[in-house]
Structure formats: structure tokens, C-alpha cells
Amino acid sequence: IAGDRGLGMPRPFRLAIGQSPAELVSPQERLDWLDSNLPKVAAQQTNLILLPELFATGYNIGDEISGRSEAADGATAQSISALARKHSVAIHYGFAEQGGSRIYNTAQCFGPDGTLLGGHRKLAIPPGFETKYFAQGKGCRLFTYRGLRIATLICYDAEFPEAVRHVASLGAELILVPTALGDQWEWVAQTMIPSRAYENGVFLAYANSAGVENGMRFLGQSFIAAPDGLILARAGADAGLIYAEIEPERVAKAQSRLPYLKDALKIRLT
């Protein structure tokens, strides 16, 4: 687990999701949208804003993925870091990472002091165009921010109960899931992914895009779920911001009431 970048956390932790417009054409337009919305986010005393999968580049952009890919510390990362400092809000965003000769579907988070808190390369590449552009990531790491243990999984990763169970077993209290979910997959956002919070006793935030990008219509419906399965906030189909308070003590309470993580180790299937 990465070291805590902020001491003396005033609980609860304030989380925002930025459900950004898919129609934003260029990386600069995406940064401008973020910059224009961060004053509202900061005014809500937000600790961290979660943005969708491949927020910085766009998702359904075909071969443009290669041209927009950057190193993890590239120009876009520097811009995000500067925005985090400017608005005193941690920013968790998705981008196409150029890692040597490979490109990864990556998400990373910069703290309000502009330092890198943690990052994750997508583990499970779904059938379809992503297999053409992205290499498979490996492993999961937590980072700690303002006393909260946080994990990242990207879209399809979280559709595997094993992946969510793994980061929960590492001690994650909050799982951040940037996604790019099309409008034909409403059941995933309404039922499947919220159940991951309940079956592991953790907070889970799911950040999608809204609108249409090169013919792909996104579902929207970003949400923040509590460890007891309750939906604390949910967006509709349009772009916008949602907020919720993350209270870590609810994780311990939920995991004590339903000790799935411990009891799973006791099950003998053969």
C-alpha cells in the first residue's frame, strides 16, 4: 500500500463522480471541461473526484488511441496534477498509457498537492476493439489517501467477482471503477456492480461517460454504493456531478455483520 499523502483525515470522506460528456472531441476539451467543473466540486468540500475510463483521451476513438497515448508522467498527467493543485482536490482519471512498445488502458490518481497517489492498468480486456489496442495489465495495488484504503479496477475488471474480492481481501475500503459502459448494458450498472459492494462489504464508485461518441451511446448511470448495498448517489443519462460521503466505519460494520471475506476461505467445494 502506498504511503498516506494526507494526515489527520476529517471523516467522513467526500467523494464526487464526474460523469463527463462523451461528445468532448479533443483531450484539451476534456481538460477544459474538468477545469470548469472543479470549482463546483471544490465548493462541496470534495476530497476526490472520480472520472470515467479513458477520460483524458476518449474511448471510442479507434486508431486515435495510439496517437493520444502518453507516458504515465506525460503532458496530460502534468496537466491533471496542476489542476489537482489548483483546486485542492484529488483527481482520479483514465487515460491511454504508453508503456514501452505497449499501450495500456490505465487509470491513476493525483492528490491535491499534485503528487501521484497510485495507478492501475486494466486487467481484463473485453472482446471487441480494445483487444486491438491495449495490452493486459497485471496485479492490483492499493493506495491510502486521507486515511482511506483505496483500490482501482477498470470497467470489465469489476465484472469478475474474483477481482473485487481480491482487492477487498487486500484491505480496500473504497473501490474506484472508471468505466465506459454502453447503453445496452443497464443491468450491469443497476444490479451486477452494486452487488460487488454488498458481497464484499466495501464502498464502490462507478464512473461512466454520458452521451454519444462516434456512434457509441453511453449509459451514464454512474453511482456510489455503500457496503450494505445501498446506492448513495446515482446519475441519470446526462453529464453531471454526483456526491456521497464515505464513512470507513461502515466497512467494518458490514464485514462484521456478513463476514463473506473470512468465510469464503472456509468453503470446501471438493
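Placed above this text is the structure.
How each quantity is defined
- Residues numbered from 1 in each chain as written.
- Predicted model: local features only at pLDDT ≥ 70, side-chain atom pairs only at ≥ 80, totals over all residues.
- Heavy atoms only, no water.
- Pairing = 2+ DSSP bridges.
- Helix = DSSP H or I, 4+ residues; strand = E, 2+ residues; numbered from the N terminus.
- Axes fitted to C-alpha atoms, helices over the stretch in contact; angles between N-to-C directions.
- Core = buried A, V, L, I, M, F, W, Y, C linked by side-chain atoms within 4.5 Å.
- Buried < 20%, exposed > 50% of the residue type's maximum accessible area, 1.4 Å probe, protein only.
- Contact = heavy atoms within 4.5 Å.
- Parallel < 35°, antiparallel > 145°, perpendicular 65-115°, else oblique.
- Left-handed = near helix turned anticlockwise from the far one by under 90°.
- Nonpolar A, V, L, I, M, F, W, Y, C, P; charged D, E, K, R; others polar.

(A) Structural context of the sheet that holds strand β13 (residues 231–234). On the basis of which strands lie adjacent, the open sheet formed by six strands has the order β6-β7-β8-β9-β12-β13 and mixed pairing. Bordering the open sheet on either side are β6 (143–145) and β13, each of which pairs with just one other strand. Here the average twist between neighbouring strands, direction ignored, is 20°. Summarising the sheet, strand β7 (residues 148–152) and strand β8 (residues 174–178) pair through three bridges and their orientation is parallel. Within β8, the residue paired with isoleucine 150 across the bridge is leucine 174.

(B) Layout of the nonpolar core. Of all hydrophobic cores here, the largest spans 26 residues; its most connected members are Leu153, Val167, Ile175, Ile193, Leu204 and Tyr206. Put simply, the parts of the chain that give this core at least two residues each are α5 (161–169), β8, α6 (186–200), β9 (203–207) and β12 (223–225). Ranked by residue count, the leading element in this core is α6, at five residues. Excluding residues that lie within four positions of it along the chain, leucine 153 makes contacts with His120, Leu123, Cys140, Ala158, Ala163, Val164, Val167, Ile175, Leu176, Val177 and Pro178.

(C) The packing of helix α1 (residues 27–43) against helix α3 (residues 75–87), seen in detail. At a minimum axis distance of 10 Å, the contact between α1 and α3 shows a crossing angle of 20°. In terms of their interaxial angle, α1 and α3 are classed as roughly parallel. Judged by the sense of rotation from one axis to the other, the crossing of α1 with α3 is right-handed. Two secondary-structure elements touch here, α1 through Leu31, Leu34, Asp35, Leu38, Pro39 and Ala42 and α3 through Ser79, Ile80, Leu83, Lys86 and His87. Grouping the constituent residues of the contact of α1 with α3 by class yields seven nonpolar, two polar and two charged.

(D) Region of interest: the packing of α5 against α6. α6 packs onto α5 with a crossing angle of 40° between their chain directions and a minimal axis gap of 10 Å. Between α5 and α6, the interaxial angle falls into the category oblique. Here the hand of the crossing between α5 and α6 comes out right-handed. Where α5 abuts α6, its residues Pro161, Val164, Arg165 and Ala168 lie against Arg196, Glu199 and Asn200. When grouped by side-chain class, the residues that make up the contact of α5 with α6 number three nonpolar, one polar and three charged.

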